[in-house]
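Spelled out, the chains give:
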Amino acid sequence: MGERKVINKYYPPDFDAAKLPRLPRSQNDSMKVWIMLPMSIRCNSCAHYIYKGTTFDMIKQIAKQKYLNVISIHTFCFKCTPSKAQIVFQTETQNSDYVVLNGANRNFEPWRSQPQEMDESYQYAMELLEKKTKKLEEAEEEDEALVKYSNASGGCKLPMLSRYLVIKRQHIYYMKTTATMNLKKIGSDFY
């Protein structure tokens, strides 16, 4: 009874590990693993929904092709519970995701398509902000040119010019604040 609980086993001096019989290995390097499903899918044969996180006994195979000649691509096969139809999905390392190859369709996941739309709206807001800042810079350059011209002409229109500049600078300040507020509003939707 105590001999099964020992840490060290006795190996005789004439023991050779090479003479031990080897287990038969599958020819396609497939391995049976117990994995959770990484996405929600719908079986094509029975229309049964299989949700993300459902555990299955799957057969994992390593494909011969590799991504960037370094990262191996894995293929997983399992059977649908009600209809026993085979479903196959594969790793897609370019996008850090999975692709269903056969037997099922992937359910729509709104968070996968949403960032592209947000990127477009954020890009549009950035373009608008850049256009407004260019207009503001051009307006400030015109103001500096007007001040130089009035100083060169003897300053006869200085009170009227200073009032014009004050109004224009207030307008510029208002445009800058509204542009940043609009960008912050879009940015809060983005994040």
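Residues numbered from 1 in each chain as written. Predicted model: local features only at pLDDT ≥ 70, side-chain atom pairs only at ≥ 80, totals over all residues. Heavy atoms only, no water.

Attention now goes to the overall build of the protein. Check the secondary structure of the protein and you find two helices and eight strands. Along the protein, from the amino end to the carboxyl end, the secondary structure elements read β-β-β-β-β-β-β-β-α-α. Counting every position in the protein, which comprises 191 residues, the buried fraction comes to 21%. Summarising the internal contacts of the protein: among those between residues at least 6 apart in sequence, 44% fall at separations of at least 24. Total accessible area on the protein stands at roughly 15,400 Å², and carbon and sulfur atoms take up 56% of it. (Helix = DSSP H or I, 4+ residues; strand = E, 2+ residues; numbered from the N terminus. Buried < 20%, exposed > 50% of the residue type's maximum accessible area, 1.4 Å probe, protein only. Contact = heavy atoms within 4.5 Å. Areas by Shrake-Rupley, 256 points an atom, 1.4 Å probe, with all protein chains shown as cover.)

This part covers the state of the cysteines. With the rule as written, the count across this model stands at zero disulfides. Take Cys 46: it sits in no disulfide, and the sulfur closest to it among the cysteines is that of Cys 80, at 3.7 Å. (Disulfide = S-S within 2.5 Å.)

Attention now moves to the sheet that holds strand β3 (residues 49–50). Taken together, three strands build an open sheet; the order of strands is β3-β2-β8 and the sheet is antiparallel. Two strands close off the open sheet at either side, each with one partner strand: β3 and β8 (104–106). Across three bridges, the pairing between strand β2 (residues 41–43) and β8 is antiparallel. The residue of β8 that forms the bridge with Ile 41 is Arg 106. (Pairing = 2+ DSSP bridges.)

Across all of its chains, the model carries five aromatic pairs by this definition. Ring centres 4.5 Å apart and planes at 35 degrees place the aromatic pair Phe 56 and Phe 78 in the tilted group. Of this pair, Phe 56 sits in strand β4 (residues 55–67) while Phe 78 sits in strand β5 (residues 71–79), placing them 22 residues apart in sequence. Pair check on accessibility: Phe 56 and Phe 78 agree, each one buried. Geometrically, the ring pair formed by Phe 76 and Phe 89 is stacked, given 5.2 Å between the ring centres and 25 degrees between the ring planes. Separated by 13 residues along the polypeptide, Phe 76 in strand β5 and Phe 89 in strand β6 (residues 86–92) bring together distant segments of the chain. Exposure class is identical for Phe 76 and Phe 89. Each is buried. Counting every residue linked through ring pairs, the aromatic cluster contains Phe 56, Phe 76, Phe 78, Phe 89 and Tyr 98. (Phe/Tyr/Trp six-rings, centres within 6.5 Å; stacked < 30°, edge-to-face > 60°.)

What follows deals with the pairing of β6. Along β6, five of the seven residues are buried, which leaves the element largely enclosed by surrounding structure. In this sheet, β6 lies alongside β5 in antiparallel orientation, the contact comprising five bridges. Residue pairing in the sheet places Cys 77 in a bridge with Val 88 of β6. The pairing of β6 with strand β7 (residues 97–102) spans five bridges and is classified as antiparallel. Note that in β7 the partner of Phe 89 across the bridge is Val 100. Hairpin connection, β6 to β7: the antiparallel pair is bridged by four residues, and Ser 96 has positive phi, about 55 degrees.

Moving on: unusual backbone geometry. Positive phi, normally seen in glycine, also occurs at Asn 69, with a value near 60 degrees. By the element assignment, Asn 69 lies in the loop between β4 and β5. A positive phi angle is found at Lys 84, which is not glycine, with a value near 60 degrees. Relative to the helices and strands, Lys 84 resides in the loop between β5 and β6. The exposure class of Lys 84 is exposed, given its relative accessible area of 56%.

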